[in-house]
Amino acid sequence: MNFDGLDPGMGEYPPNLHGTMDAGLEPSMDPHLNPNLLQGVELDPEGLAVTVPEQVHLMEGMFSELHSAVSEVGIPVTATHFDLQEEMLWMGNHRGHVTSFFGPTMGRHSSFQAHATDDVRHIQSLETGVLFLSKCNLKCHTRGGLVMFDFPMDEGADMHSLLMTDNNTLLMGGLQNYAVEVDLNTVQETQKFNVEVPGVAIMRQTSRFFFCGHTSGKITLRDLRSFKTEHEFDAFSGSLSDFDVHGNLLAACGFSSRGMNGLACDRFLMVYDLRMMRAVTPLQVHVDPLFLRFIPTYTSRLAIISQTGQCQFCEPTGLANVADIFHVNTVGQLLMSFDVSSSKQALAFGDSGGCVHLWSDAPEVSFNDYSRETDFALPCLVDTLPQLDWNHDLLPLSLIPMPLTSTEQLLSDWPTALATPSPRRAPPADPEILRTMKTVGFIGYAANPRTRPRNQVPYKIKDVELDYDNYNQVPESPIGRDEEPHLYMVPKKYRKVTIKYSKLGLEDFDFKHYNRTLFAGLEPHIPNAYCNCMIQVLYFLEPIRCLVQNHLCQKEFCLACELGFLFHMLDLSRGDPCQASNFLRAFRTIPEASALGLILADSDEQTGKARLGRLIQSWNRFILTQLHQETQEQEGPQAYRGASSSSLGSSGESAIGKLFGCEVENSSLCRCGKETVRSSLTLLFTMHYPEQNSQEKTIKEYDFAEILKKSICLEQSTQAWCENCEKYQPTVQTRNIRCLPDVLVINCEVNSAKEAEFWKVQAEDACNMEGFTFDTKAEDLRHVWIPLTLKMSISKSQGLEISSWPEGEELSAAEEEEGAALYDLVVTVSHVLDARTGGNLVAHIKVGETYHQRKEGVTHQQWYLFNDFLIEPIDKFSKHTCVLESAGHPVKCIELPAHVLLFASVKNPIDASVLLTEASLARKQRKSHATFIPLMVSEMPQAGDLVGLDAEFVTLNQEEAELRSDGTKSTIKPSQMSVARITCVRGQGPNEGVPFIDDYISTQEQVVDYLTQYSGIKPGDLDAKISSKHLTTLKSTYLKLRFLIDTGVRFVGHGLQKDFRVINLLVLKDQVIDTVYLFHLPRKRMISLRFLAWYFLDLSIQGETHDSIEDARTALQLYRKFLELSRGGGTDEVRKVLKGLYEKGRQMDWKVPESETGDGQGSPKSAAVFPSVMGL
């Protein structure tokens, strides 16, 4: 480069301008960076820029470097912007971090993370904040860093530029086929304009046009209102780099195509006259232009910037002068961004090394002609603090100013390269808080037990947590990690059960080996399936089963509705396991469940880190409260599109409250004598254990009834507000119950080593032995700590009385008149500790006569062990072995009174109204796009009618598998599928083959694979904002299928077993006609629908993608063909035809030919082996 004619002073700097780095900071530098990058910049611990010494000479009218600053060393600066309201310079880097510098001295004003990972591509300042654009997100922050709004883009967006069209409207463009207009007042997308591929990379605006620069090298002039193209300039044959507009001139720089050599930077600037809409003489420059801007200070000067840091000024209609070139000292780094201040007095350059260079043509530079005052962070007010009372107990020590006695740097001042943030986890909540917590809705309130100093957290959190969790760990064997002491060996039926998957999935897994009863288990591989045991508990409580099966509402995610659907499947099953996938899907959408920590991550479930004991107790409290709220909500006169409202739960009073609720009287007595009494309804009680005296090494023996009474009628002292004293005073809080609940639910709260030891001691004392294991005989457990029957009564004189009661004995007439009641133990849920798997939850349930009558036709009661899909009858005493000792601790105990049992009948609340026409959730769906015709009243299906069915699915979680040493694959966890489209077609009548259901199912969960090749579902089809399909909720379509199943129709389809499994429906075998089994020979492969359609029907289907309407119609036609074969020649003829089918399949390698030819590869429907199909 020739620098002849340049002022010699512009290239000479005083020696003291090039400061050296502190020796202590040298190791923090990136070894790949040139140390000269930091010349002229001194990095203090905050990364502030150092002011330029006064010796620097700036010539008026000539641009020279004023300051340089570093935000993050080595991170390229991808965007720079001069604030249009204040004297600030903004920069954003490749990692999404932004920094602002104040004034010409470039003192750091603010620094924060605008985007998590994506680079900042454009910055625009507003009156109230600053906009930061990344690839697929637009954020607005205050100048101090607070988030004002976050606007995510559509999937697949690749934004590059934004343009303020007025004060409240923003236009964004990028490398996609549309530009988006956003209203900043409502933060909503107002319009979307279609543009040509490859999209808009740069945008400018004048009073006449929008100017859009494309990477293809073209510049389009668009109408300000309609965004339609008015004119087009084909500027460069390769690609466009930058352009700018001023007055009647448009100047652009870019790259030209050089044939096989690719693209080359073009040193000719294209200049266009906007009055005549034609090009004028190109302007030749002496640098390789990457950026250009008009700087019309005196004339319409152009600043042309190269990537290597060379800058040239020239007139757009004149010749470029070599003397007008200066060089930005980037020390080998490349320029990545460039901006000009609104006053045209300052230039900013951002390079790939993380530096921002400020150039100016005057020493006293101002970025704007009129700038408002900038707000700064408040200074430290240590000197003005009031006098501190050293003897005050609650005085925070952090308020006491400490003098700096050393010249060394504080640890908080170290640069980020030398320090790694290591946040400390908060300690677990005090168990005393959890015990005394009272819930109002989903908010818990508890008195402060004052076991820790206020606003202080101990530093040794890890040691505290280790001590806290010791009870939950099984000690390692002294022999080895794989071998465990005999005391902790868990029998097989109590261990965590897993499903072994094969090539056929679940078809060859023997569930009967684990369950020889007719009751249905639940599959455990679904996320958050830890609650399977509690679902079984709710199912075997007859009033709850009837309540939820009678319940039906319009809420999309209602746990009571989903439980009703699940219980219906459990009723129909004859020993085959079910899965609670739809219930758990709705459970994951409840905000309160997430807030309570009930939604587990997959990693926690797989590694066994979840505290299942505490978790299932919280889940118990949550589900009772949720069902109580959902069943007491007032519904309209019609619960669901004309369905008769439920007989339970529609009167405003919850059946859950009637069944589990207990009216509780809470009184607070202040020492001044003021007593406050409040009444509330509680659905369960929590066990409270006596405090152990620290001087006593042994735990006393207690009666279970005594502990239970003290837990229900709780008395404790705590600090509370007294309105009489008008301050917090020590108060005595007592709780008493006014009536006995029908069902008594107890959370045993064994959450620490202290409670676990208490239970262990009580069990040993009750059994009069040092300890026992799973091998303990039943006759040794006649006197266990938990009684099988309790007697409870409330009297005015004695209050609540609880005592153990001999099993099988009845109350006397006098005791019944006094209101006494007997409670039988019917359920225990226990946490089985197993160091190898992390443990699991099991339930012991006393199944009543009505369930045995429905399933087995006998009337008796029996205890069963429920361990997911393992169900086994057990002795009534053997459960105590698990509950009291080897399995750890009882998580929850449910007791059902033997004196009152009111059972309601189940009336199906689903009627034909669910098949009526419904509105689509999709905004863009049109009636002309409808792919189905709903059933008329005269077409309502009857028992035995045929319905063609097909469903398409998407993947939510990928399959987890491992390779064995022999090269075979073992599936650990199957892929999690979600139904995306369900189609039903008429199977008879004049409209046979016409769909009456074709629903796309909206999903709120993230889809990892749309399986478009096999499902025909494309991204956006399930999004209500952009979908053009008939979009519904899963619950809406589920009700339609349930009505068809309950009506007794017969479904015809191909592979319906998987379809019903993913939809989470249980259909009786005599209602399913599956063509995959109709055209199948034993011990042979299953044949695809496409091959069957080609062979029998001469149809070519599933060409590029699958279509569920086409598949359902084809399955119906194949069934008709099968009936023709059966009627024509009987079983022997069908078998002969199937042999010909398999022979043809082997010849064709089971592939359908692309087109019919005369070489004998066509459909063999006229072949001699197929005589009975002739002429069909």
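Computed from a prediction, not measured in an experiment: that's the story for all the values here. (Residues numbered from 1 in each chain as written. Predicted model: local features only at pLDDT ≥ 70, side-chain atom pairs only at ≥ 80, totals over all residues. Heavy atoms only, no water.)

### Brief notes about the overall build of the protein chain
Going by this rule: Here a strand is any run of E in DSSP of at least two residues, a helix any run of H or I of at least four, and the numbering for each starts at the N terminus. Three labels apply to residues, based on accessible area from a 1.4 Å probe with only protein chains included: buried if under 20% of the type maximum, exposed if over 50%, partly exposed otherwise in between. In this analysis, two residues are considered to be in contact whenever any of their non-hydrogen atoms come within 4.5 Å of each other. The Shrake-Rupley method, run with a 1.4 Å probe, gives the accessible areas here. Residue values count only the displayed protein chains as cover.
Counting secondary structure elements, the protein chain contains 21 helices and 55 strands. Going through the 1176 residues of the protein chain one by one, you find that 49% of them count as buried. A separation threshold of at least 6 residues defines the contact pool for the protein chain, and within that pool the share at least 24 residues apart is 60%. Surface accessibility of the protein chain: about 58100 Å² in total, with carbon and sulfur atoms responsible for 50%.

### Details of the sheet that holds strand S7 (residues 130-133)
Heads up, the rule is: Should DSSP find at least two bridges between two strands, the strands are taken to pair. Axes here mean lines fitted to C-alpha atoms, for a helix over just the part in contact, with angles spanning 0 to 180 degrees between N-to-C directions.
Strand order in the open sheet formed by 4 strands is S6-S7-S8-S9, with antiparallel pairing between adjacent strands. A single partner strand is all that each edge strand has here, and the edge strands are strand S6 (122-125) and strand S9 (147-152). Averaged over neighbouring strand pairs, the angle between their axes works out to 15 degrees when direction is ignored. Pairing geometry for S7 and strand S8 (residues 137-141), over 4 bridges, is antiparallel. Bridge pairing in S8 places valine 130 opposite histidine 141.

### Thoughts on the pairing of S8
For S8, the buried fraction is high: 5 of the 5 residues fall into the buried class. Here S8 shows no split at all, with Asn137, Lys139 and His141 on one side and Leu138 and Cys140 on the other all buried. Two successive antiparallel strands, S7 and S8, enclose a turn made up of 3 residues. Where S8 meets S9, 5 bridges bridge the pair, whose relative direction is antiparallel. Residue cysteine 140 lies in a different strand from S9, and its bridge partner there is phenylalanine 149. Counted along the chain from S8 to the antiparallel partner S9, the turn is 5 residues long, and its residue glycine 145 has a positive phi close to 115 degrees.

### Looking at a negative patch on the surface
Put simply, the rule is: Residues enter patches when they are more than 30% accessible in relative terms and free of salt bridges; like-charged ones are connected within 9 Å and nonpolar ones (Val, Leu, Ile, Met, Phe, Trp, Tyr) within 5 Å. Note on definitions: salt bridges are taken to be side-chain nitrogens of Lys or Arg within 4 Å of carboxyl oxygens of Asp or Glu. In this tally, Lys and Arg are treated as positive and Asp and Glu as negative; His is ignored, and so are the chain termini. In this description, the location of a charge corresponds to atom NZ of lysine, CZ of arginine, CG of aspartate or CD of glutamate.
A contiguous patch of negative charge on the surface is contributed by Glu801, Glu810, Glu816, Glu817 and Glu818. For glutamate 810, a relative accessible area of 65% corresponds to the exposed category.

### Considering the sheet that holds strand S1 (residues 64-70)
By way of backbone hydrogen bonds, the strands of a sheet pair with one another, either parallel or antiparallel. If you walk across this open sheet you meet the 4 strands as S1-S30-S29-S28, and the pairing is antiparallel. Edge positions in the sheet fall to S1 and strand S28 (335-340), since each of these pairs with one other strand and no more. Geometrically, the sheet is characterised by an average inter-axis angle of 20 degrees between neighbouring strands, direction not taken into account. The pairing of S1 with strand S30 (residues 355-360) spans 6 bridges and is antiparallel. Along S30, the bridge assignment pairs serine 64 with serine 360.

### Some words on the pairing of strand S17 (residues 229-234)
Looking down a regular strand, the side chains alternate between one sheet face and the other. Note: strand S16 (residues 218-222) against S17, 5 bridges, orientation antiparallel. Looking at S17, one finds that isoleucine 219 is bridged to phenylalanine 233. Between the antiparallel neighbours S16 and S17 lie 6 residues, among them phenylalanine 227 with a positive phi of about 65 degrees.

### Re the nonpolar core
Heads up, the rule is: What we call a nonpolar core is a set of buried Ala, Val, Leu, Ile, Met, Phe, Trp, Tyr and Cys residues that are connected through their side-chain atoms within 4.5 Å. An automatic or database domain assignment supplies the start and end points of every domain.
In terms of nonpolar packing, the biggest core is built from 99 residues, with Tyr530, Ile535, Trp619, Phe660 and Phe1051 touching the most fellow members. For this core, the leading source of residues is helix H5 (residues 559-572), giving 9 residues. Two domains share this core, each providing at least three of its residues, namely domain 1 (491-631 + 655-690 + 702-764 + 785-906) and domain 2 (912-1148). With residues near it in sequence (within four places) discarded, phenylalanine 1051 still touches Val947, Leu949, Leu1041, Leu1044, Ile1045, Leu1056, Phe1060, Val1067, Gln1071, Val1072 and Ile1073. Core analysis: the next-biggest nonpolar cluster, separate from the first, contains 42 residues, Cys662, Tyr689, Ala705 and Ile802 among them.

### Quick word on the UniProt feature "binding site: a divalent metal cation" (unreviewed entry) in the protein chain
The condition that has to hold: UniProt positions are given in the numbering used here, feature names are shortened, and annotations may be inferred rather than shown by experiment.
In the numbering used here, UniProt assigns the "binding site: a divalent metal cation" (unreviewed entry) feature to Asp950, Glu952, Asp1059 and Asp1111. Judged by maximum C-alpha separation, these annotated positions cover 162 residues in sequence but sit close together in space, the widest gap being only 12.9 Å. On the secondary structure map, aspartate 1059 appears in helix H18 (residues 1056-1063). In this structure aspartate 1059 comes out as buried when scored by relative accessible area, which is 5%. Residues in contact with aspartate 1059, not counting those within four places in the same chain, are Asp950, Ala951, Phe953 and His1054. Structurally, aspartate 1111 can be placed in helix H21 (residues 1108-1147). Exposure remark for aspartate 1111: the relative accessible area of 4% places this residue in the buried category. Once you skip the residues sitting within four places of it in the chain, aspartate 1111 turns out to touch Asp950, Glu952, Leu1089, Ile1101, Gln1102 and His1106.

### Comments concerning empty space enclosed by the protein
Using the following cut-off: Put plainly, a pocket is an open set of points on a 1 Å grid over the protein atoms alone with protein on both sides within 12 Å along at least five of seven lines, a cavity is a set where a 1.4 Å probe fits but cannot get out, and a lining residue has an atom within 4 Å of a point. Grid points are joined across faces, edges and corners, and a volume is the space filled by probe spheres set on the points.
Taken as a whole, this structure holds 6 cavities of 30 Å³ or more when the rule is applied. Space inside the second largest cavity adds up to approximately 120 Å³. Ranked by residues supplied to the lining of the second largest cavity, first place goes to helix H12 (residues 753-767) with 3 residues.

### With respect to the pattern of salt bridges
Within the structure shown, the criterion is met by 37 salt bridges. Arginine 372 is the salt-bridge partner of glutamate 86, the closest N and O atoms lying 3.1 Å from each other. With glutamate 86 in the loop between strand S2 (77-82) and strand S3 (88-93) and arginine 372 in the loop between S30 and helix H1 (431-436), the pair connects residues that are 286 residues apart, well separated along the chain. On the basis of relative accessibility, which here comes to 6%, the residue glutamate 86 falls in the buried class. You can call arginine 372 partly exposed: its relative accessible area is 33%. Between glutamate 232 and lysine 218 there is a salt bridge, and its shortest N-O distance comes to 3.6 Å.

### Notes on helix H9 (residues 612-632)
Put simply, the rule is: Multiplying 1.5 Å by the residue count of a helix minus one yields the expected span of that helix.
Taking 1.5 Å as the rise per residue, H9 with 21 residues should run 30 Å; its terminal C-alpha atoms sit 30 Å apart, in good agreement. H9 sits mainly inside the fold: 17 of its 21 residues count as buried.

### Focus on a positive patch on the surface
On the surface, Arg1083, Lys1084, Arg1135 and Lys1139 cluster together to form a positively charged patch. One can find arginine 1083 in the loop between helix H19 (1075-1078) and helix H20 (1089-1097).

### Points about the state of the cysteines
The line we're drawing: By definition, disulfides here are pairs of cysteine sulfur atoms that lie within 2.5 Å.
Counted by the stated rule, this structure contains 0 disulfides. The thiol of cysteine 533 is not disulfide-bonded; the next cysteine sulfur, from cysteine 531, is found 7.7 Å away. Free of any disulfide, cysteine 662 has its nearest neighbouring cysteine sulfur in cysteine 739, separated by 4.8 Å.

### Focus: helix H14 (residues 849-856)
Threshold: Directions from the helix axis toward the C-beta atoms define the arc.
Every buried residue of H14 is accounted for by Tyr851, His852 and Lys855. The arc enclosing the buried residues of H14, seen along the axis, measures out at 95 degrees, which places them on a common side. Backbone geometry just downstream of H14 places glycine 857 in the positive-phi region, at approximately 75 degrees.

### Side note on the confidence of the model for the protein chain
Let me state the cut-off plainly: What pLDDT reports is the predictor's confidence in each residue, on a scale of 0 through 100.
Per-residue confidence for the protein chain averages 78 on the pLDDT scale, and 79% of its residues sit at or above 70. Residue range residues 1156-1161 is modelled with pLDDT below 50. Its contacts to residues more than four positions away, or to other chains, number 8 contacts. Taken together, the stretch residues 1165-1176 has pLDDT below 50 and engages in 20 contacts with residues farther than four places along the chain or on a different chain.

### Description of the side chain of serine 793
The topology assignment puts serine 793 in strand S41 (residues 789-795). Apart from the residues within four sequence positions on either side, serine 793 is in contact with Leu740, Gly799, Leu800, Glu801, Gly819 and Ala820.

### Considering a nonpolar patch on the surface
Taken together, the side chains of Leu411, Trp414 and Leu418 present a nonpolar region at the surface, about 320 Å² in accessible area. Looking at where tryptophan 414 falls in the secondary structure, it is placed in the loop between S30 and H1. On the basis of relative accessibility, which here comes to 38%, the residue tryptophan 414 falls in the partly exposed class.

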